[in-house]
Structure formats: structure tokens, C-alpha cells
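Working through the structure, step by step
Single-letter residue listing:
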Amino acid sequence: SNDADDYVQQSKEYLYNKEFYTDKGRVIFPILYAGLLGIFKLDIYTVQILITILCSLVTFTCSLIIKKNYGFTYATLFSFLSVDFFHENIGGVCTENIGYILGGISFIYFHNFLNLSKKSLYYYSLSMLFLFIGYIIRPSIIFILPAIIFFSLIYINKLSKYDVIK
């Protein structure tokens, strides 16, 4: 796609000329992709394989967590929806894959936060950090992040009354 070409060209320009410009407003992804290209000696194939493996690991891990806590049906539904989301993007240079990986990691930490008997703000903070970074890399609906933080703070406030937060 045109976006993929732009991302690759911007990443290469950043690596070769140490200059960066984007007219699309997505600044972080080309720089992140340039870093991956730099690490893997400009081998796009290896970078895409790595991103594909990370997407698969996130889906697998989240499915296991959901199966353990909510059952096989919900885990299967999650897996189908995940595969439906990223099957169009796997192997391509797009922000969706990195956003999916970071969102999945955020889900894992948030789920740990919710399921500990003594709630730890460490897991909550990591969850929000990965979600925030994901939103910086892959812009999405603007009100979702503040809504998640707002309702989480209400939840944390309720828990703090019962002294279950450490």
C-alpha cells in the first residue's frame, strides 16, 4: 500500500540521511521501524518475520490467559477475532501490527492487575504505559484511552477503600 511504501522510505531516509519528515502525522512508527531495520541490517524480511512471531505470541498468550480465567469458548472467540483483525496486516509494513503487540501486552498486564488478590499498581502502570505507547504508534479513537484511565481510577479508588491495593 501507499502507507507501507511511505513508512519504509521514511525509515530508510532516517537511517541513511539522519533526517526525518512525515506528512502523515505518524512520527513514532517510521523511527521504530528504522531501528528494527538498523538492528537487522536493513533486512525487511527478518523484521516482518519478527513482528509476525510477536503477534502470534501475543495472541497465544492472551488466549491462554482468557481460557484459564473465562473458559475455552471465550478464548476461541478471542483467537478468531484476533486472527480476523491481523490476517490482513501480517507481513505488511503497517502500524496495526505494532499496535496489536503493545495492546496485547497491555491486556496481559491489566489482566494480572485485575486478578491479583492484593492489587499492585505496578501491573496497572505497566498496562497503561504499553497502551499509551501503542496509541502513540497507532493512533486510534481519542476518547478510549482517557475513558480507560478514568474508569480504572474509579475501580482503584473503590479497591483502596477495602485496603486491597499495595
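Everything that follows concerns the structure shown earlier in this document.
Chains are numbered independently. Their residues run from 1 in the order of the written sequence. The predicted nature of this model means local features are confined to residues of pLDDT at least 70 and side-chain atom pairs, given and counted, to a pLDDT of 80 or more, with totals for whole chains, interfaces and linings taken over all residues. Calculated side-chain values reflect all of the structure's heavy atoms, with hydrogen atoms and water omitted.

Helix numbering and strand numbering both begin at the N terminus, where a helix is a DSSP run of H or I of at least 4 residues and a strand a DSSP run of E of at least 2. If you tally the helices and strands in the chain, you get 7 helices and 0 strands. Across the 166 residues of the chain, 33% fall into the buried class. For this analysis, residues touch if any pair of their heavy atoms sits within 4.5 Å. The contacts in the chain between residues at least 6 apart in sequence include a share of 52% that link residues at least 24 apart. Here the Shrake-Rupley method, with its probe set to 1.4 Å, supplies the accessible areas, and only the displayed protein chains count as covering residues. As displayed, the chain offers around 10200 Å² of accessible surface, 66% of which is attributable to carbon and sulfur atoms. Think of it in three bands: with a 1.4 Å probe and only protein chains considered, a residue is buried below 20% of the maximum accessible area for its type, exposed above 50%, and partly exposed in between.

Another aspect to go through is helix H3 (residues 44–70). The span you would expect from a helix comes to 1.5 Å times its residue count less one. End to end, H3 covers 38 Å across 27 residues, agreeing with the expected 39 Å (1.5 Å per residue, within 8%). What H3 keeps buried is the set Val47, Gln48, Ile51, Cys55, Val58, Thr59, Cys62, Ser63, Ile65 and Ile66. Its buried side turned inward, H3 meets helix H2 (28–39), helix H4 (72–86) and helix H5 (95–115).

Attention now moves to the packing of H3 against H5. For the pair H3 and H5, the least separation of the axes is 9 Å and the interaxial angle reads 25°. The angle between the axes of H3 and H5 places the two elements in the roughly parallel class. As H3 runs across H5, the sense of the crossing is left-handed. Residues Ile51, Leu54, Cys55, Val58, Thr59, Thr61, Cys62, Ile65, Ile66, Asn69 and Tyr70 of H3 form the contact with H5, whose own contacting residues are Asn97, Ile98, Tyr100, Ile101, Gly104, Ile105, Phe107, Ile108, His111 and Asn115. Following the grouping adopted for this structure description, the nonpolar residues are Ala, Val, Leu, Ile, Met, Phe, Trp, Tyr, Cys and Pro, the charged ones are Asp, Glu, Lys and Arg, and the polar ones are all others, Gly among them. Classifying every residue of the contact of H3 with H5 gives 14 nonpolar, 7 polar and no charged. Between N-to-C directions, angles span 0 to 180 degrees; the directions come from axes that are lines fitted to C-alpha atoms, helices contributing only their stretch in contact. Throughout, the term roughly parallel applies to angles under 35 degrees, roughly antiparallel to angles over 145, roughly perpendicular to angles from 65 to 115, and oblique to all others. Left-handed describes a crossing whose near helix is turned anticlockwise from the far helix through less than a right angle; right-handed describes the clockwise counterpart.

So, on to the packing of H4 against H5. Two numbers describe how H4 lies on H5: the axes approach to 10 Å, and their chain directions differ by 155°. With respect to their mutual orientation, H4 and H5 come out roughly antiparallel. The residues of H5 that touch H4, namely those facing Phe78, Ser82, Phe85 and Phe86, are Glu96, Asn97 and Tyr100. The residue inventory of the contact of H4 with H5, partitioned by class, reads 4 nonpolar, 2 polar and 1 charged.

Here we take up the side chain of Asn97. With respect to the secondary-structure elements, Asn97 resides in helix H5. In this structure, Asn97 is in contact with Ile51, Cys55, Phe86, Asn89, Ile90, Gly91 and Gly92, ignoring residues within four places of it in sequence.

On the surface, Tyr14, Val27, Ile28, Ile31, Leu32, Leu129, Phe132, Ile133 and Ile136 cluster together into a nonpolar patch covering about 690 Å² of accessible area. Only H2 and helix H6 (121–137) provide two or more residues apiece to the nonpolar patch. Broken down by element, the nonpolar patch gets its largest block of residues, 4 residues, from H6. Turning to its location among the elements, Leu129 is positioned in helix H6. Each patch groups residues whose relative accessible area exceeds 30% and which form no salt bridge, using 9 Å between like charges and 5 Å between nonpolar side chains of Val, Leu, Ile, Met, Phe, Trp and Tyr. Salt bridges are defined as contacts in which a side-chain nitrogen from Lys or Arg sits within 4 Å of a carboxyl oxygen from Asp or Glu.

The biggest cluster of nonpolar side chains holds 21 residues, and the ones touching the most others in it are Phe29, Tyr33, Val47, Ile51, Val93 and Ile98. Within the residue set of this core, elements represented by two or more residues are helix H1 (2–17), H2, H3 and H5. Of the residues forming this core, the biggest block, 6 residues, is contributed by H3. The contact partners of Tyr33, leaving out residues within four places of it in the chain, are Val8, Ser11, Ile44, Val47, Gln48, Ile51 and Val93. As used in this record, nonpolar core signifies buried Ala, Val, Leu, Ile, Met, Phe, Trp, Tyr and Cys residues forming a set joined through side-chain atoms within 4.5 Å.

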